[in-house]
Amino acid sequence: MNASPRLFLALVLTICVTLATSLAPRATAWSSRVQSDTVLGMLFGDGRKLFASQFFTMADVYFHSGYYPGIFDRKGKEIHIEEATHDSAGGEAEEMGDFRGPPRDWIEAFGRRFLISEHRHLQHGDEREILPWLKLAADLDPQMIDTYTVGSYWLRQHLRQPLQAEAFLREGLRNNPDSYEILFELGRLYEENLEDPDRARNVWELALRRWQQQPPEAQKENRLGYEEITLHLARLEEKAGNWADALRWLQAAQTMSPAPENLQRQIDALREKLADPASKLLP
Amino acid sequence: MKTLFALARLTLTELYRRKDFYVLFILTAVVTLAAGSVNFFNDEKIIRYVKDLCLLLIWISTLLISVVTAARQIPAECEARTIFSLLAKPVTRGQVLLGKFLGCWLAVGLALLMFYAFFAIVTGSHEHRWPLGGYLQAIWLQWVMLGIVIAMSLLGSIHFAAPSSTSTICFVLVAGIVVVGPHLNTIALQQPQPLQTIAYTVYFLIPHLEWFDVRDRLVYGWASPAWQDIALASVYGAAYAGVFLLLAWLGFRRKSLNPG
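Residues numbered from 1 in each chain as written. Chains lettered and ligands numbered in written order. Predicted model: local features only at pLDDT ≥ 70, side-chain atom pairs only at ≥ 80, totals over all residues.

1. Looking at the overall build of chain A
Then, in step 1: Helices and strands together make up the secondary structure of chain A, namely 14 helices and zero strands.
Then, in step 2: When the helices and strands of chain A are placed in sequence order, the string is α-α-α-α-α-α-α-α-α-α-α-α-α-α.
Then, in step 3: For chain A, the residues scored as buried account for 33% of the 283 residues in total.
Then, in step 4: The long-range fraction of contacts in chain A, counting pairs at least 24 apart against all pairs at least 6 apart in sequence, stands at 52%. (Helix = DSSP H or I, 4+ residues; strand = E, 2+ residues; numbered from the N terminus. Buried ≥ 20, exposed ≤ 12 C-beta atoms within 10 Å, placed from the backbone. Contact = placed C-beta atoms within 7 Å.)

Now the structure itself:
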């Protein structure tokens, strides 16, 4: 055995490379971890989800122009960018009070002169500043559904970028194919921004099917989701002049509504329209 | 005064020769430019996260430069025995200490100017706005804060064995003061006695470095603090730096200058 050390080294290297090429695909299959194709995913691994909610909160901090309670402040954190996406909030986040309260001593009083002490929401297109945080949160935790719906809301309603919103929602849908929330938001985008009622109808009907596929406990918790989808479908059909369908969706919404008597008035009005033969001719 | 500036010039030359500043400046520039080049939803007007990141890096970098530069001044002179030739001249130990402080402070001031010039160019080229008054206030306040930190590091370097331990302790202290310091009064009220009194005493004793941090105002585009508040904060900072320097001088007066 008078083999040269160089030859021996070359042999060992060849064996290593051969083994590596044959084992690498198998090792990938052994791992149950989802392969990440983003830099953040590779850097943080599964631990990235811990940062995602922090980045989502950062979007809210930016939305409030830095006036935001920390962990030591008297009022806890409340996410307002999310509230603003619901109709109930009227498209505006509720006002945040003085969470710091009166200063306790002269040090705190003087220190506040350097802190941001007024409440101001981003507006006039400056809402775009929250987008990087939402995108980072989505990259870090692709299963965090609120990130996509909130991002889409600001993109389509305030920044007039419906196509970017659609792309973001589609990304969310690829990562969460069973999410009725993303489908509902996609339907709103088609109906309100892209004026495509047929696609909106299809997407909302799919959203409803996804909602119904949830386990009964989840359905109980997400009654608002059902009501929102069916109400939007009812409005869409009413606009299209399909009053019978609109009535059907309103009745469905009534079964889950916390205030069914309000919907009853709308149902009665639709029934009157259906009963009036002259109104059937109107679109 | 002439002696002080001669000693300060020596420290300035040292920072100019060392690579700390260059490395940190290049790192800050690369990270900021890389962050700024990321495209979010095809919107090129997004800038605040870049400002946020750049200012954070400037804070960390200048803090690093201040602490590390100040912490090694006296030990390095003792180690190389150059302190003896220095003190052989008509220079007192107090003047050496003050000269070292002044040199570090001026060096960090120069570094700050370079960092903020880069920050202003990056943000100004995006926003087409040049709030120079706000930038000057931020630079001044940060410089005063770094003055306190430098004095604190010099005090540490007199008492601790090695510059590395001084640097580590100073970093931990500064981080603690900035993060927990402003809320120590809130924490104190939730504690039983005598912990409450101890926490409140610490709250009143520590220098409140968070006053000098106006990064949020720059990032979110708020108006600058009033000039009289900045003047008061500067007096407060000067007082704390003075106290630390006095304590350092008291220690340095009796300190044996032989290494080890």
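2. Some details on the overall build of chain B
Then, in step 1: Secondary structure assignment for chain B yields 11 helices and zero strands.
Then, in step 2: Each helix and strand of chain B, placed in order from N terminus to C terminus, yields the pattern α-α-α-α-α-α-α-α-α-α-α.
Then, in step 3: Compactness check: chain B gives a C-alpha radius of gyration of 20 Å against a globular reference of 18 Å for 260 residues, within 12% of the reference.
Then, in step 4: Counting only C-alpha atoms, chain B reaches 65 × 50 × 35 Å along its principal axes.
Then, in step 5: Per-residue burial over chain B gives 37% buried out of 260 residues. (Rg over C-alpha atoms; globule rule 2.2 N^0.38 Å.)

3. Overview of the interface of chain B and chain A
Then, in step 1: At the junction of the two partners, chain B supplies 23 residues and chain A supplies 20 residues.
Then, in step 2: Among the elements that take part in the side of chain B that touches chain A, helix 10 (residues 215-220) of chain B stands out by supplying four residues, more than any other.
Then, in step 3: Along the lines of polarity and charge, the residues of the side of chain B that touches chain A split into 11 nonpolar, five polar and seven charged. (Nonpolar A, V, L, I, M, F, W, Y, C, P; charged D, E, K, R; others polar.)

4. Digging into unusual backbone geometry
All names here are of chain B.
Then, in step 1: A cis geometry characterises the amide bond from glutamine 193 onward to proline 194, with omega recorded as 5°.
Then, in step 2: For proline 194, the location among the structural elements is in the loop between helix 8 (184-189) and helix 9 (195-205).
Then, in step 3: If you check the backbone angles, histidine 128 has positive phi at about 55° while not being a glycine.
Then, in step 4: Looking at the element boundaries, histidine 128 is found in the loop between helix 5 (93-127) and helix 6 (132-159).

5. Observations regarding the confidence of the model for chain A
When pLDDT is low, close inspection of the predicted coordinates is not appropriate.
Then, in step 1: Overall, the predicted model of chain A reaches an average pLDDT of 81, with 83% of residues at or above 70.
Then, in step 2: Every residue in residues 88-94 of chain A scores below 50 in pLDDT, and together they form 11 contacts with partners more than four places removed in sequence or on other chains. (pLDDT = per-residue confidence, 0-100.)

6. Let's talk about the nonpolar core
Then, in step 1: If you look at the biggest cluster of nonpolar residues, it comprises 118 residues, and the most contacted ones within it are Trp133(A), Ala137(A), Phe101(B), Val149(B), Ile150(B), Ala151(B) and Leu154(B).
Then, in step 2: Summarising the domain contributions, this core has at least three residues from each of domain 1 (39-71 + 125-182) and domain 2 (227-283) of chain A.
Then, in step 3: Not counting residues up to four positions away in its chain, the partners in contact with Phe101(B) are Ile150(B), Ala151(B), Leu154(B) and Leu245(B). (Core = buried A, V, L, I, M, F, W, Y, C linked by C-beta atoms within 7 Å. Domains from an automatic or database assignment.)

7. Some thoughts on the packing of helix 5 of chain B against helix 6 of chain B
Residue and element names in this part refer to chain B.
Then, in step 1: Where helix 5 meets helix 6, the axes come as close as 9 Å, and the angle between the chain directions of the two elements is 145°. Handedness of the crossing formed by helix 5 with helix 6: right-handed. Across from Leu97, Lys100, Phe101, Cys104, Trp105, Val108, Gly109, Leu112, Leu113, Tyr116 and Ala120 in helix 5, the residues of helix 6 making contact are Tyr135, Ile139, Gln142, Trp143, Leu146, Gly147, Ile150, Ala151 and Leu154.
Then, in step 2: Here the contact of helix 5 with helix 6 is built from residues that sort into 16 nonpolar, three polar and one charged. (Axes fitted to C-alpha atoms, helices over the stretch in contact; angles between N-to-C directions. Left-handed = near helix turned anticlockwise from the far one by under 90°.)

8. Structural notes on the domain arrangement of chain A
Then, in step 1: Taken domain by domain, chain A holds domain 1 (39-71 + 125-182) and domain 2 (227-283).
Then, in step 2: If you average the C-alpha positions of domain 1 of chain A and of domain 2 of chain A, the two centres end up 34 Å apart.

9. Comments concerning helix 7 (residues 145-158) of chain A
Residue and element names in this part refer to chain A.
Then, in step 1: Between its first and last C-alpha, helix 7 extends 20 Å over 14 residues, near the 20 Å set by a 1.5 Å rise per residue.
Then, in step 2: Taken across its 14 residues, helix 7 has 10 buried, putting it largely inside the fold.
Then, in step 3: Listed as buried for helix 7 are Thr147, Tyr148, Thr149, Val150, Gly151, Ser152, Tyr153, Trp154, Leu155 and Arg156.
Then, in step 4: Phi turns positive, to about 50°, at arginine 160, one or two residues after helix 7. (Expected span 1.5 Å × (residues − 1).)

10. Brief notes about the packing of helix 6 of chain B against helix 11 (residues 227-254) of chain B
Residues and elements named next belong to chain B.
Then, in step 1: Close contact between helix 6 and helix 11 brings their axes to 8 Å; oriented N to C, the two are set at 15°. In terms of their interaxial angle, helix 6 and helix 11 are classed as roughly parallel. The two elements helix 6 and helix 11 meet at a crossing, and its hand is left-handed. (Parallel < 35°, antiparallel > 145°, perpendicular 65-115°, else oblique.)

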